[in-house]
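Chain residues, written in single-letter form:
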Amino acid sequence: MKVPYPSIGAQLSVSSHMYVCKSVDGSMYEYVKCQTLKPKMLASRRFKHFIDEQPDVSRNPFQRMTRIDCDKVFVTKSVRYGDGLRTNRRPDVCQELYDMIVEEVNKDGYDSLEPV
């Protein structure tokens with residue numbers, strides 16, 4: 001899906017990214033961003049809380065080594081998402097990975113970001 005963060009003109013608003021849904025409460029959704037792991041990320045101090053996950057259809061829908069960024073949670077309100085936005089390969093992550101994500105996100109706080 002495309003998230004217009006921090007503004008509609010930002011790069012994130014024109015590129016599709018994968019997200020794991022952290023929680024749903026009515027029409028309020030919280031998402032954690034996933035991105036293909038790049039070599040420069042390995043030495044980066046930008047990420048404090050993250051999970052690096054190998055592609056494995058028994059655990060996740062990823063097709064490449066992926067970094068799950070647990071420092072930020074994207075929040076949307078009053079938006080409904082159709083099932084067509086879910087991945088075809090696997091529409092979710094396994095319970096073990098989901099629990100790891102929630103634990104890492106909640107370790108010592110996170111930035112809650114709402115698109116403008």
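Since we're looking at a predicted model, the values are computed, not measured. (Residues numbered from 1 in each chain as written. Predicted model: local features only at pLDDT ≥ 70, side-chain atom pairs only at ≥ 80, totals over all residues. Heavy atoms only, no water.)

K.L.:
Help me out: how do you make sense of the environment of Leu85 in this one?
P.N.:
Along the polypeptide, Leu85 turns up in the loop between β5 (72-76) and α2 (95-105). The sequence separation of Leu85 and Met18 amounts to 67 residues, and the corresponding C-alpha distance is 9.8 Å. (Helix = DSSP H or I, 4+ residues; strand = E, 2+ residues; numbered from the N terminus.)

K.L.:
Looking at this structure, I do not really get the packing of aromatic side chains. What am I missing?
P.N.:
By convention here, two paired aromatic rings are described through the distance between centres and the angle between planes. Under the definition given, this model contains four aromatic pairs. Both rings, one in Tyr19 and one in Phe74, keep their centres 5.7 Å apart while their planes meet at 80 degrees; by these two values the pair is edge-to-face. Of this pair, Tyr19 sits in strand β1 (residues 18-25) while Phe74 sits in strand β5, and the two are 55 residues apart along the sequence. Where Phe47 meets Phe50, the ring centres are 6.3 Å apart and the plane angle is 75 degrees; that geometry is what we call edge-to-face. By relative accessible area, which is 30% here, Phe50 ends up partly exposed. In textbook terms, an aromatic cluster arises when at least three aromatic residues are bridged by ring pairs, as seen for Tyr19, Tyr29, Tyr31 and Phe74. The ring of Phe50 has Arg67 sitting right over it, with the charged end atom 3.7 Å from the ring centre. (Phe/Tyr/Trp six-rings, centres within 6.5 Å; stacked < 30°, edge-to-face > 60°. Buried < 20%, exposed > 50% of the residue type's maximum accessible area, 1.4 Å probe, protein only. Lys NZ or Arg CZ within 6 Å of the ring centre and 35° of its normal.)

K.L.:
Would you mind going over the layout of surface pockets with me for this structure?
P.N.:
Vacant regions in the atomic arrangement are exposed by a probe of water-molecule size rolled over the atoms. One number sums up the size of the largest pocket: a volume of about 830 Å³. Every residue lining the largest pocket is counted, 30 residues in all, and those nearest its centre are Met18, Tyr19, Leu85, Arg86 and Thr87. Of all the elements in the fold, those that place two or more residues in the lining of the largest pocket are β1 and β2 (28-36). Among the residues making up the lining of the largest pocket, the classes are represented as 16 nonpolar, eight polar and six charged. (1 Å grid on protein atoms, 1.4 Å probe; cavity = no way out; pocket = protein on both sides within 12 Å on 5 of 7 lines; lining within 4 Å. Points joined across faces, edges and corners; volume = space filled by probe spheres on them. Nonpolar A, V, L, I, M, F, W, Y, C, P; charged D, E, K, R; others polar.)

K.L.:
What should I look at first to understand the pattern of salt bridges in this one?
P.N.:
Pairing is possible between side chains that carry opposite charge, provided their charged atoms lie close to one another. Applying the stated criterion to the full structure yields eight salt bridges. Among the salt bridges present, the one from Asp52 reaches Arg67, with a minimum N-O distance of 2.7 Å. Taken as a pair, Asp52 in strand β3 (residues 50-53) and Arg67 in strand β4 (residues 66-69) lie far apart in primary sequence, 15 residues in all. Overall, the relative accessible area of 2% leaves Arg67 in the buried class. Here Arg59 and Glu53 are joined by a salt bridge, their closest N and O atoms 2.6 Å apart. Classification of Arg59 by relative accessible area gives buried; the value is 18%. For Glu53, a relative accessible area of 6% corresponds to the buried category. In the salt-bridge network here, residues are joined through shared partners; they are Glu53, Arg59 and Glu96. (Salt bridge = Lys/Arg side-chain N within 4 Å of Asp/Glu carboxyl O.)

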